Structures are given as C-alpha cells and as structure tokens.
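The primary structure of each chain is shown beneath.
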Amino acid sequence: MFQMEGLLDQWLWKEEYWLPPGVTWKDIEIEGDRYPLPRDLFYTLPLALGFIVLRYIFERVIAMPLSRQLGVRDRVRVRALPVPKLETFYKQNKQQPSQSEVLGLGKHCGLSQRQIETWFRQRRNQDRPSNTKKFCEASWRFVFYLIAFVAALASLIDTPWFWDHRECWQGYPKQPVAEAHYWYYITELGFYWSLLLCVTVDVKRKDFKEQIIHHIATILLIGFSYCANYVRVGTLVILVHDSSDFLLESAKMFNYAGWRKTCDTLFVIFALVFLLTRLVVFPGRIVHSTLVVSLDFFQPFFGYYFFNALLLVLQALHIFWAWLILRMVYKFVFMDERSDEESEPEEEEEAVEEEETSWEQRKGALNSKLASLANNCVLNNLTNQRNMNSRLPKAR
C-alpha cells in the first residue's frame, strides 16, 4: 500500500506535470479555505453509482408515467420467426451477415435469400430501443442538465471571472475554491462517469464513437483541471456545455411524444444557442483565455499543453456536431424533412419492413380478388353453357 502511494507520488503527482514551474503542492494550500485535493476525485465514483440508481428510479417512477401522459407511442414491430440456426449466428457472429453468409445460411436453413434478409432485419428491429426508452433517457438528462445549468449560473453570475476572463488567472494557482463550485465539479464529474458506465445500455446514436470520445475527454478535462486548480475557467467550460444540452434533450422528448411544432421550435432555439456558445463563445473567449491570456500570468508547462489539447478535442467535436445540426436545419427548411439525429438505420429498415408488410397485404387482397373473379368467370361460363344446351333442341 505504501509502495503504491510512493509510486503515485513519484510518477502521477509530480509537481511539474500539474503546476507551473516553481510552484509546489504546499503552495496552493490555503489555510481556512477549501483548495483542490486530488483525492476528492475518488468521491465521484460512488457518486456515479448513485446517479445510476437514481436514474433507474426516476425513469420508472417519473419518466414512464410522463411519457404516457404526453402520448409517447411505441412502434409495433414484426417479430422474427424462431429459427435456431439464424438466432445462433445472430448472437455469436454479427447482426448483419455478408452476401456469402446469407447464401450459406439459406442452404442450411432451407430458406431463400430474401427470407434470410427479412429475418435479420426483423431480428435487428426487435433489439432496437422503443420510443419510451428513448424518452426516459432524454428526460433524465434534461432534468440533470437543467438543474446543473441553473445552479451553476446562479453561483457564477456574481463572480468577477464570469465577466472578465483575466480574473481566471489572477493569483493562480493560489486560488480558493468556493463550496458551490466544488460541488459543481464533483457532481458533473460523477454524472459523466455514470454516462460512460451506461454507454453500453443507452441508446446508440449515429455519433456513438464521438460521444465516447466526448465523455472521456470531459472526464479527463474535469479531473485534470480540478487537480491543477483550473477551477475558475473549468466552471465556465462546463457552464457553456450545459447551456444548450438541456434544450436538445427537451426537443428529443417532444419529438418522441409526436409534438412536432414544439419539437421544431425547441430544436431551432437549441441550434442557435449551440452555434453561439460552441462556435463563438467557447473558442473566442474560453480557449483564447487558456491559450493566450494565461501566458501573461505563468510560463507554459505540461498541464498547460494537456489542458488546451483537451479543449481543442472538444472544439473539433463541436465543429462536427455543428455540421450535423446545420445539415438538419437545411433539410428542415428547404426540403421539409424532419429527422431524429440519434436514429440509426432503424427508420430505413422499419420503412422497408412496413413496405414489405403492406405489399404482402396488398398482394393477398389482390390474389383473393383474382380468385373471386376467376370463380365468377367459371360460374358464368358454366351457366352460359347450360343455357346454350337448353336452347339447342328448339333450334333443331
């Protein structure tokens, strides 16, 4: 145990990694005030587990009844027929087989290529999350982001560094941490840990990989900035992100409920806030402050480069998401198309499935009409033949 602590002190907590040149850990200790301690970050792991339990209760006690009240409806999906060989392949190999694998499975199961493809499409749709699940997830995030944003804004609006970003570096790193900002940091870090732990069971979106990168970069950013006492600028970074996240989650909630006009209005507001905060405020004020203004107060060190590298990773993700948002706005305005940004090929596959189902229904109706017509034709021919036979003697 003592050897482990010695290794951590020797390699992980080396002062030249975390603090400017000439500053030691003892220098940032402020008597009578709270100051950052790396061991505080360990509290975020049990807090993340608490968030997962709280989310489970919230979704079942509040979110699910709310979804029914708002009119959220789940699609009725056609279940795939039980075929053991296909089910084994689906679970052990991969969800979408190649062309050669489809032909091989068809020979083993005695099914045609079209039947195999239809079975896998229906089987994939069975595993897709319902609208109720999506609504519950969005509502949980909406509640957290909204509460976090309002509480953080109330605690930061009277601070000098909220208005003048040079104040983020006055007296650095010997800056006390307010109790509200300490809990803001710990709560946000615990929440992002919970998101990362639940990523395998949450709804998988088109930007799944980007979300993973975002969660990891955010956890590293919050953890490092706390240890290096970048708390002042760190609170501004988190606040900028929370300012638009709750708008996105609210738009998703109304989208799943079918409230199109409300969803469209909230999405437009979200797009404006996102583009303003992520492409203007974040790079123009915060990143500029950490990259340029901070050098007026200390010499660059490892933490300076590491912190700014994480901020630039977030900025790259902002540009990627801004492109997706602008593309959706373009389709919405000029092409009159609405789409849920998190839906995968699900809608396309379900559209194909619905089209095939409706075609089967139409084909069945057409066959029944043709059979009825054929029967009528046969009956008419027999009737006409009997009438002709009855008239033959008179003609003779």
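In its Catalytic activity (unreviewed entry) section, the UniProt entry covering the protein chain states "sphinganine + octadecanoyl-CoA = N-(octadecanoyl)-sphinganine + CoA + H(+)".

1. Notes on the overall build of the protein chain
Summing up its helical and strand segments, the protein chain has 14 helices and zero strands in all. In sequence order, the secondary structure elements of the protein chain are arranged as α-α-α-α-α-α-α-α-α-α-α-α-α-α. Counting only residues that meet the buried cut, the protein chain has 42% of its 396 residues in that class. Sequence-distant contacts in the protein chain: of pairs separated by 6 or more residues, those separated by 24 or more amount to 83%. When the accessible surface of the protein chain is summed, it comes to about 22700 Å², and 62% of that surface belongs to carbon and sulfur atoms.

2. Here we look at helix α3 (residues 44-70)
For an α-helix, the turn length of 3.6 residues means that residues three or four places apart are oriented alike. With 27 residues, α3 should reach 39 Å at 1.5 Å per residue; the first-to-last C-alpha distance of 34 Å falls well below that figure. At Glu59, α3 shows its largest bend, some 40°. Buried within α3 we find Thr44, Ala48, Phe51, Arg55, Phe58, Glu59, Ala63, Ser67 and Leu70. Residues of α3 that are buried in the fold lie against α7 (131-156), α9 (179-197) and α11 (231-257). Two residues or fewer after α3 comes Gly71, characterised by a positive phi angle close to 90°.

3. Describing the packing of α9 against α11
Between α9 and α11, whose axes approach to 11 Å, the crossing angle comes to 55°. It follows from the interaxial angle that α9 and α11 lie oblique. When the axes of α9 and α11 are compared, the crossing they make is left-handed. Across from His181, Tyr184, Tyr185, Glu188 and Tyr192 in α9, the residues of α11 making contact are Val231, Gly234, Thr235, Ile238, Leu239, Asp242 and Asp245. Here the residues of the contact of α9 with α11 are counted per class, giving six nonpolar, three polar and three charged.

4. Focus: the pattern of salt bridges
Going through the model one piece at a time under the given rule, you end up with nine salt bridges. The closest approach of N and O atoms between Glu59 and Arg55, which form a salt bridge, is 2.8 Å. Remark: Arg55 and Glu59 occur in helix α3; sequence separation between them is four residues, near one turn of the helix. In this structure, Glu59 and Arg55 share a single accessibility class: buried. The closest approach of N and O atoms between Arg141 and Asp202, which form a salt bridge, is 3.4 Å. Of this pair, Arg141 sits in helix α7 while Asp202 sits in the loop between α9 and α10 (208-227), and the two are 61 residues apart along the sequence. Like Arg141, the residue Asp202 is buried in the burial classification. Salt bridges here are not isolated pairs; linked through shared partners, they connect Arg55, Glu59, Arg60, Glu137, Arg141 and Asp202.

5. Structural notes on the environment of Val233
Along the polypeptide, Val233 turns up in helix α11. Note on Val233: relative accessible area 2%, which makes it buried. Distance in space between the C-alpha atoms of Val233 and Cys168 is 5.8 Å, their sequence separation being 65 residues. Not counting residues up to four positions away in its chain, the partners in contact with Val233 are Cys168, Trp169, Ile286, Thr290 and Phe307.

6. Some details on the packing of aromatic side chains
Throughout the structure, instances matching the rule amount to 28 aromatic pairs. Relative to Phe191, the ring of Phe144 lies with its centre 3.7 Å away and its plane at 10°, an arrangement referred to as stacked. Taken as a pair, Phe144 in helix α7 and Phe191 in helix α9 lie far apart in primary sequence, 47 residues in all. On the accessibility criterion, Phe191 (0% relative accessible area) is buried. Consider the rings of Tyr182 and Trp183, whose centres lie 5.2 Å apart with planes at 75°: the pair is edge-to-face. Among the residues examined, Tyr182 registers a relative accessible area of 5% and is labelled buried. Three or more aromatic residues joined by ring pairs make a cluster, and in this case those are Trp169, Tyr172, Phe224, Tyr230, Phe298, Phe301, Phe302, Phe306 and Phe307.

Reading guide: rules and limits
- Residues numbered from 1 in each chain as written.
- Predicted model: local features only at pLDDT ≥ 70, side-chain atom pairs only at ≥ 80, totals over all residues.
- Heavy atoms only, no water.
- UniProt positions renumbered as here; feature names shortened; annotations may be inferred.
- Helix = DSSP H or I, 4+ residues; strand = E, 2+ residues; numbered from the N terminus.
- Buried < 20%, exposed > 50% of the residue type's maximum accessible area, 1.4 Å probe, protein only.
- Contact = heavy atoms within 4.5 Å.
- Areas by Shrake-Rupley, 256 points an atom, 1.4 Å probe, with all protein chains shown as cover.
- Expected span 1.5 Å × (residues − 1).
- Bend = angle between axes of the 7 residues up to and from the residue.
- Axes fitted to C-alpha atoms, helices over the stretch in contact; angles between N-to-C directions.
- Parallel < 35°, antiparallel > 145°, perpendicular 65-115°, else oblique.
- Left-handed = near helix turned anticlockwise from the far one by under 90°.
- Nonpolar A, V, L, I, M, F, W, Y, C, P; charged D, E, K, R; others polar.
- Salt bridge = Lys/Arg side-chain N within 4 Å of Asp/Glu carboxyl O.
- Phe/Tyr/Trp six-rings, centres within 6.5 Å; stacked < 30°, edge-to-face > 60°.

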